[in-house]
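# Observations on chain architecture
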Amino acid sequence: YENNVDSTAVTGRNAKVTIVFTNDYQDLGTITQEFTIAQFDIEDKITVKHSNQVAYVYNGKEQYPAIESVTVQLDDETTAELGENDYSIEVSAPEQTKDLINAGTKKCKVVGRGNYTGQGGYLDYEIGQADIAKGATAEVKPTAFGGTANTVANNVVVTDAYTGQKLTADKDYT
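Here goes a summary of the coordinates provided. A quick note: this is a predicted structure, and the numbers were derived from the prediction, not measured. (Residues numbered from 1 in each chain as written. Predicted model: local features only at pLDDT ≥ 70, side-chain atom pairs only at ≥ 80, totals over all residues. Heavy atoms only, no water.)

Per the secondary structure count, the chain includes 3 helices and 13 strands. The burial tally for the chain puts 25% of its 174 residues in the buried class. The long-range share in the chain, meaning contacts at least 24 apart out of those at least 6 apart in sequence, stands at 43%. Carbon and sulfur atoms provide 47% of the accessible area of the chain, an area that totals close to 11,800 Å². (Helix = DSSP H or I, 4+ residues; strand = E, 2+ residues; numbered from the N terminus. Buried < 20%, exposed > 50% of the residue type's maximum accessible area, 1.4 Å probe, protein only. Contact = heavy atoms within 4.5 Å. Areas by Shrake-Rupley, 256 points an atom, 1.4 Å probe, with all protein chains shown as cover.)

Here it is as structure tokens:
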């Protein structure tokens, strides 16, 4: 056998088997045959063990329950634990906020990659709003005497302390 460990999707090339005839069949020589190794579909075969934490507070970073293990039922008797490179965590419902960062109700899923395809292991959780008083800084630049209200407003810089992003007046704050 050659190249017969990972799926064709991972290696980008087919696996090979070479059959060498012996004894009464040695006159037939050898036969080499290429074949593909398909990705294993994890749909309906996946078990995800995760932390019990299902409530988070916005911090400017992706958040989801910590994955302790992802196990796939390969057949009636065999299971395999997936490594971190075998899956990703993604938002699972189109009506959900399209990210794992901002506040809101979230539903994420485990998506197979590499030797695995399909999805499963759905997780529901909540990211709550952060207390902006604890998560923002405001800087007021010196303003010349006699400046208009607009001039003063342009000299105020409010920054999200979680992400470092500058906020926009009348959109993100008033």
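Past the structure itself, the notes keep going.
Time to look at the nonpolar core. Counting residues in each nonpolar core, the largest one holds 18 residues, and the members touching the most others are Val70 and Val110. If you list the elements that add at least two residues to this core, you get strand E4 (46–50), strand E6 (67–73), strand E8 (87–91), strand E9 (104–112) and strand E11 (119–128). The element that contributes the greatest number of residues to this core is E11, accounting for 3 residues. Discounting chain neighbours no more than four positions away, the residues touching valine 70 are Ile46, Thr47, Val48, Ala80, Glu81, Leu82, Tyr87 and Val110. (Core = buried A, V, L, I, M, F, W, Y, C linked by side-chain atoms within 4.5 Å.)

Mapped onto the fold, lysine 106 is located in strand E9. Among the polar contacts made by the side chain of lysine 106, one reaches the main-chain carbonyl oxygen of asparagine 102 at a distance of 3.0 Å. (Polar contact = N/O pair within 3.5 Å; in protein donor to acceptor, adjacent residues only side chain to side chain.)

For the structure on display, the rule yields 2 aromatic pairs. Pairing phenylalanine 40 with tyrosine 116 gives two aromatic rings, centres 6.4 Å apart and planes at 80°, and the pair type is edge-to-face. Remark: tyrosine 116 occurs in strand E10 (residues 116–117) and phenylalanine 40 occurs in strand E3 (residues 40–41); sequence separation between them is 76 residues. Taking relative accessible area as the criterion, tyrosine 116 reaches 14% and is therefore assigned buried. For the pair tyrosine 56 and tyrosine 125, a centre-to-centre distance of 5.7 Å together with 80° between the ring planes defines the contact as edge-to-face. In this pair, tyrosine 56 sits in strand E5 (residues 55–57) while tyrosine 125 sits in strand E11, placing the two residues 69 residues apart along the sequence. Take tyrosine 56: its relative accessible area is 11%, and that puts it in the buried class. (Phe/Tyr/Trp six-rings, centres within 6.5 Å; stacked < 30°, edge-to-face > 60°.)

To continue, consider the environment of tyrosine 122. As for its placement among the helices and strands, tyrosine 122 is situated in strand E11. C-alpha of tyrosine 122 to C-alpha of isoleucine 46: the two residues are 76 residues apart in sequence and 9.9 Å apart in space.

A few words now on the pattern of salt bridges. Enumeration according to the criterion identifies 1 salt bridge in this entry. Among the salt bridges present, the one from lysine 107 reaches aspartate 124, with a minimum N-O distance of 3.5 Å. Residue lysine 107 is located in strand E9, and its partner aspartate 124 is located in strand E11; the two are separated by 17 residues in the primary sequence. Residue classification places lysine 107 among the partly exposed residues on the basis of a relative accessible area of 27%. (Salt bridge = Lys/Arg side-chain N within 4 Å of Asp/Glu carboxyl O.)

This brings us to the sheet that holds E5. Strands sit in the order E5-E11-E9-E8 across an open sheet of 4 strands; the sheet is mixed. What marks the edges here is a single partner per strand, and that holds for E5 and E8. Taken over all neighbouring pairs, the strand axes of this sheet differ in orientation by 35° on average, direction set aside. (Pairing = 2+ DSSP bridges. Axes fitted to C-alpha atoms, helices over the stretch in contact; angles between N-to-C directions.)

What follows deals with the environment of valine 57. Inspection of the secondary structure puts valine 57 in strand E5. Spatially, the C-alpha atom of valine 57 lies 8.8 Å from that of aspartate 131, the residues being 74 residues apart in sequence. Contacts of valine 57, omitting those with residues within four sequence positions, involve Gln63, Ile127, Gly128, Gln129 and Ala130.

Here we come to unusual backbone geometry. Backbone geometry at asparagine 3 places phi at a positive 55°, although glycine is not the residue there. If you trace the backbone, asparagine 3 turns up in the segment before helix H1 (8–11). Judged by relative accessible area, asparagine 3 falls into the buried class, the value being 17%.

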